[in-house]
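# Coordinates in review
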Amino acid sequence: MNSYESGKSTSTQHGFAETYSLGAGYYILHPRIIFGDAEASLTADQEFNKRTSQAQHWTQDNGVAYKVNGTILDRSPVPLHFNLNSSLLTVSPPFGRTYTVDSKHENLFLIIKNDLLPANISLTNGHSKTSGLETNTETSSCTFHAGVEHQGGTVSQTEASLDLSSTRQDIESGTSEENRDATISIHNALTWKNERDLTRRIDTRYTFRDKGGRFEGMQEGLGSNLDWKIGKALDGRLSYNRNRNEDVNAKSDLQSISGTLTQNFLRAIGVNLAGNITKGSYNDGKDDSKSASAGIRYTNRLPRESSLTANYNCSYNVMERMRTDVVIDVRDSISLSGVFPQFHTIPRGDVVAGSVRLYLDEAHTAPYTDFTVLPSGTQTRVLLNTDPGTGRLYLSYSYSQSPQVKYSTLAQGVGSYLSFLGNRYALNASYAWADQTVLSGTDLSSTIGDRTSLKLGAEWNFYPHYASLGYSDEQAPKSRVKAVEANWNHTMSGRRGATLVTRVQDLYSRSSYSGEAGGTSWDNTLMVSSTYTRLMVLNTKGKLTLSYYNLLTEAARSNKLGAQFALEGGYGKTTFTLDSAVNYSFSTSGRSLNQSLAFNIRRSF
């Protein structure tokens, strides 16, 4: 049963399902020819829905669920494994409405055994459909994989693969999307040792990917690493990488070559030197970058199970940008999980104000509008105020750059970590700063400037308690962000397998930024949860979870209360599960109530 109430709108859903299953092992002709196990289930689903804005309706659906596993000629050089299954899964996310996923899958897996070129081939066909979400989706997919290997003694190892896939997604709002993907990958590793028993390795990988559908594109990558052990404590690496990308929005071609040297002294001190040259070609011009860096790291074990780690790093980079576009458009996607409202981060601080857009589909035809954009130092945070009812959102935004400019960056950083008294206590601190200077051209976008980052932290690990406290202060040319994060975990064990786990997390962030959208903002997120589990009467195990979530910002506030109770038990050949949940939320935009109850009983004969 589900009920949901929001503002003046109320909806109620009652469901009853019966499932009768029969399973057994089998073989055909002979156990060595075809054997496996099979299970068939008869399912009857009845559902009653009532909404204040719609007429009530009753639906009934009868179906057959199945699960078949099998192997053909398991002892031959080419055994074939197959699997066919269907399932109806109930999902109860914290603070979210309960929904179901009806899925069907068919899988084939062929192994070709031999000493020269062992191979494997797989084919998967799937179909899934959600029910009970704000926006339900129906997805069909088909994937093919073929892989082959070759072992050239102890020196060479080669792998190659071909992957093909096609996906179609239909969204309840009426939009649909089809995509096709083909990927070829080749990897080779050459490893040998010289007369001094020092290892050398050449690792090379090539990948080509072709995307079809509404957004066609191509990706090609070639990379090679040469690892050369010069001495017992001296290592060197030389790397080359090239990546080409083409899609409907832009083209890019990046090439880089880099080298590193690492020297260890007395197992406590490590020194590294590195250099890098990168050239990039784009629709609107090109970039050239040259950099060099050095670092030292000290690690030592101290008395009473204590340890100290300290490091210092320094780098110098020169970037020359010869392009014409001031604004660059980007398309991306974000995965959703957990509690809403929730934050997602765009790893750029120069996002153009008002350019961020979110969509329910990859074609960008079904917009999601209930979100807030918050500049946050070198990043941009997006606050999703409500659950969009899907597992993924598609993102588009623009960022600004200075197209004709040459500038240098001198960056330095120090850090330390101290763990003491049997690792019960720990302190960490780091500070990094970067000085950026324009060498030629003009910084039209005002994104080049000095940056600093300070981070402090403390941990206390004294079972059954664990606590941590962290502070950060990051400053960029147009913004400054300060944040404090506190965590506390507690675990208690008792008789009859009883456990009580409590978690508290709080994060406070305050941002100030200049420019056209200048100002200040703050937000605080608090999460509290406690889960109690114990063995109850006979073979019955119970679990109770209580949760509280609070989000405060300058403009809005949101509170969510949740309770989940579950029972799982068995008597002889009979097993049962009981799952129930109640979630209540209230915020500046309204309130909602979601309730669910599911009971499952299974008897084997």
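Preceding block: the structure.
The structure reproduced in this document is the subject of the present report. (Residues numbered from 1 in each chain as written. Predicted model: local features only at pLDDT ≥ 70, side-chain atom pairs only at ≥ 80, totals over all residues. Heavy atoms only, no water.)

Attention now moves to the pairing of strand β26 (residues 425–441). Across 16 bridges, the pairing between strand β25 (residues 404–420) and β26 is antiparallel. Paired with Leu410 across the bridge in β26 is Asp435. The turn linking β25 back onto β26 is made up of four residues, and Leu421 within it adopts a positive phi angle of 55°. (Pairing = 2+ DSSP bridges. Helix = DSSP H or I, 4+ residues; strand = E, 2+ residues; numbered from the N terminus.)

Under the definition given, this model contains 15 salt bridges. With its nearest N and O atoms 2.6 Å apart, the salt bridge here joins Arg237 to Asp227. Taken together, the positions of Arg237 in strand β13 (residues 234–247) and Asp227 in strand β12 (residues 217–229) put the pair 10 residues apart, joining distant regions of the chain. Given a relative accessible area of 36%, Arg237 falls into the partly exposed group. In the salt-bridge network here, residues are joined through shared partners; they are Arg168, Asp170 and Glu178. (Salt bridge = Lys/Arg side-chain N within 4 Å of Asp/Glu carboxyl O. Buried < 20%, exposed > 50% of the residue type's maximum accessible area, 1.4 Å probe, protein only.)

For the rest of this paragraph, the subject is a nonpolar patch on the surface. A contiguous nonpolar patch, built from Phe265, Leu266, Ile269, Ile296, Tyr298, Tyr312, Val414 and Tyr431 and spanning about 720 Å² of accessible area, is present on the exposed surface. Its relative accessible area of 34% is what places Tyr431 among the partly exposed residues. (Patch = residues over 30% accessible without salt bridge, like charges linked within 9 Å, V, L, I, M, F, W, Y side chains within 5 Å. Areas by Shrake-Rupley, 256 points an atom, 1.4 Å probe, with all protein chains shown as cover.)

This next bit is on the environment of Pro77. Looking at the secondary structure, you find Pro77 in the loop between β4 (54–72) and β5 (80–91). Look at Pro77 and you get exposed, because its relative accessible area is 53%. For Pro77, the contacting residues outside a window of four places in its chain are Ile111, Ile112 and Lys113. (Contact = heavy atoms within 4.5 Å.)

This part takes up the nonpolar core. Counting residues in each nonpolar core, the largest one holds 18 residues, and the members touching the most others are Val356, Leu358, Leu384 and Leu393. Counting residues per element, this core draws most heavily on strand β24 (residues 392–400), which supplies four residues. In this view, Val356 contacts Ile346, Val351, Phe371, Val373, Val382, Leu395, Ser396 and Tyr397; residues no more than four positions away in its chain are not counted. (Core = buried A, V, L, I, M, F, W, Y, C linked by side-chain atoms within 4.5 Å.)

Summarising the sheet, strand β33 (residues 557–571) and strand β34 (residues 574–587) pair through 14 bridges and their orientation is antiparallel. Considered in β34, the bridge of Gly562 is made with Asn583. Counting the residues in the hairpin turn of β33 and β34 gives two residues, including Gly572, whose phi is positive at 65°. Here β34 runs beside strand β35 (residues 590–603); their pairing, made up of 14 bridges, is antiparallel. Among the inter-strand pairings, Phe586 is bridged to a residue of β35, identified as Arg591.

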